[in-house]
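Reading the structure
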Amino acid sequence: MMADEQDSGGYWDIDQLVADLSAARTHWRREQQHHAEYGAEGFPSRANLTKIMQALCGALFPLRLGPDFVRLHNEDAFVAETLQTVLSRLYGQIRLELIYALKGAPITQVDGQAARIIAGFAQSLPELRVLLDTDVEAAFLGDPAARSVDEVLICYPSMLAIIHHRLAHRLHRLGAPLVARIMSEIAHGKTGIDIHPGATIGPSFFIDHGTGVVIGETAIVGQRVRLYQGVTLGARSFPADEKGALEKALPRHPIIEDDVVIYAGATVLGRIIVGSRSVIGGNVWLTGSVPADSNVRQAKAQYEVTSRVEVTAPHRVHAMLDGTDGVGENI
């Protein structure tokens, strides 16, 4: 050991550091116990889910996102082997989440619910592939710089974010919100595009460039919607209960109807409606609903549609969601 390494121990007391850190952790866990949903052991692993997501992307698009040995003649064999392995690993991550979400429940109940979730997820993969094909085509048709659908799939960060979102959203709805959130955050870290897995997004969705896009948990986005970099679909306020704690899962993000374009840097806040075929200009700050076919170029634009959300939102939203799983019940 070098002399400077021997001397460095004099700058800290390792035993005291360990004891103080242990005391800090104990204090935090005691104070936060009423908020705790998951335990410290066996927590779903971001590293494992990163590998799982890479494998799922390869299974969905084997010739473009799979390993380089995949060809047409062995494509189905690769998909079968990959899914057999990756779905088993994903089942394990879901089970870890449920052990703590259902704390105290019999392990047979945990296993049964995990089996239901992974079965529903597996059965939805063909449908999700078809849905993702609409997103790829929307990007190709919406960007004059795109030379092929393969280029879109391989090169566009928005496609990585959308693939992750489609998969995560399905798990979120099936009852694995933590695993779904980790999946979304993996894409967020890689692309700078932050889509909460609870957000509902229709087919043919395109994010151009993408960096800085934020889509909140209760946002609802219709068909053929196009967003540019820096767009926020966020909440305007955060209601609190009588104890001052934020109320969770309330509808608080925008409803974007079909064929809307929102340009770079626009901020759309609150449970408002942006009507079909509207265009929201760059850097607009929008906190009020706008009717169909609007062209909002200035942040100070005002529209007399104050009753629109209360009067017409429910049936519009139910139509957009096509009656799936009661997602729009509390809008």
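Residues numbered from 1 in each chain as written. Predicted model: local features only at pLDDT ≥ 70, side-chain atom pairs only at ≥ 80, totals over all residues. Heavy atoms only, no water.

**A short note on the packing of helix H3 (residues 46-60) against helix H8 (residues 157-174)**
Two elements in contact, H3 and H8, have axes whose closest approach is 11 Å; the angle formed by their N-to-C orientations is 100°. By the angle between their axes, H3 is roughly perpendicular relative to H8. Counted together, Met-53, Leu-56, Cys-57 and Leu-60 of H3 and Ile-163, His-164 and Leu-167 of H8 form the full contact between these two elements. In terms of residue class, the contact of H3 with H8 is made up of six nonpolar, one polar and no charged. (Axes fitted to C-alpha atoms, helices over the stretch in contact; angles between N-to-C directions. Helix = DSSP H or I, 4+ residues; strand = E, 2+ residues; numbered from the N terminus. Parallel < 35°, antiparallel > 145°, perpendicular 65-115°, else oblique. Contact = heavy atoms within 4.5 Å. Nonpolar A, V, L, I, M, F, W, Y, C, P; charged D, E, K, R; others polar.)

**A word on the packing of aromatic side chains**
Both the distance between ring centres and the angle between the ring planes are used here to describe each pair of aromatic rings. Considering all chains together, one arrives at two aromatic pairs under this definition. With centroids separated by 6.0 Å and ring planes inclined at 85°, the aromatic side chains of Phe-69 and Phe-78 adopt a geometry described as edge-to-face. Take Phe-78: its relative accessible area is 12%, and that puts it in the buried class. Seen from their ring centres, Tyr-228 and Tyr-263 are 4.9 Å apart, and the 20° between their planes marks the pair as stacked. Placement of the pair is Tyr-228 in strand S6 (residues 226-228) and Tyr-263 in the loop between strand S9 (261-262) and strand S10 (267-269), with a sequence separation of 35 residues. On the accessibility criterion, Tyr-228 (13% relative accessible area) is buried. By relative accessible area, Tyr-263 is classed as partly exposed at 35%. (Phe/Tyr/Trp six-rings, centres within 6.5 Å; stacked < 30°, edge-to-face > 60°. Buried < 20%, exposed > 50% of the residue type's maximum accessible area, 1.4 Å probe, protein only.)

**Points about the pattern of salt bridges**
The final tally for this structure, using the stated rule, is 10 salt bridges. A salt bridge links Asp-150 to Arg-64; the shortest N-O distance between them is 2.9 Å. One end of the pair, Asp-150, is in helix H7 (residues 149-155); the other, Arg-64, is in helix H4 (residues 62-65), with 86 residues separating them in the sequence. Its relative accessible area of 39% is what places Arg-64 among the partly exposed residues. Arg-147 is the partner of Glu-151 in a salt bridge, and the nearest nitrogen-oxygen pair spans 3.4 Å. (Salt bridge = Lys/Arg side-chain N within 4 Å of Asp/Glu carboxyl O.)

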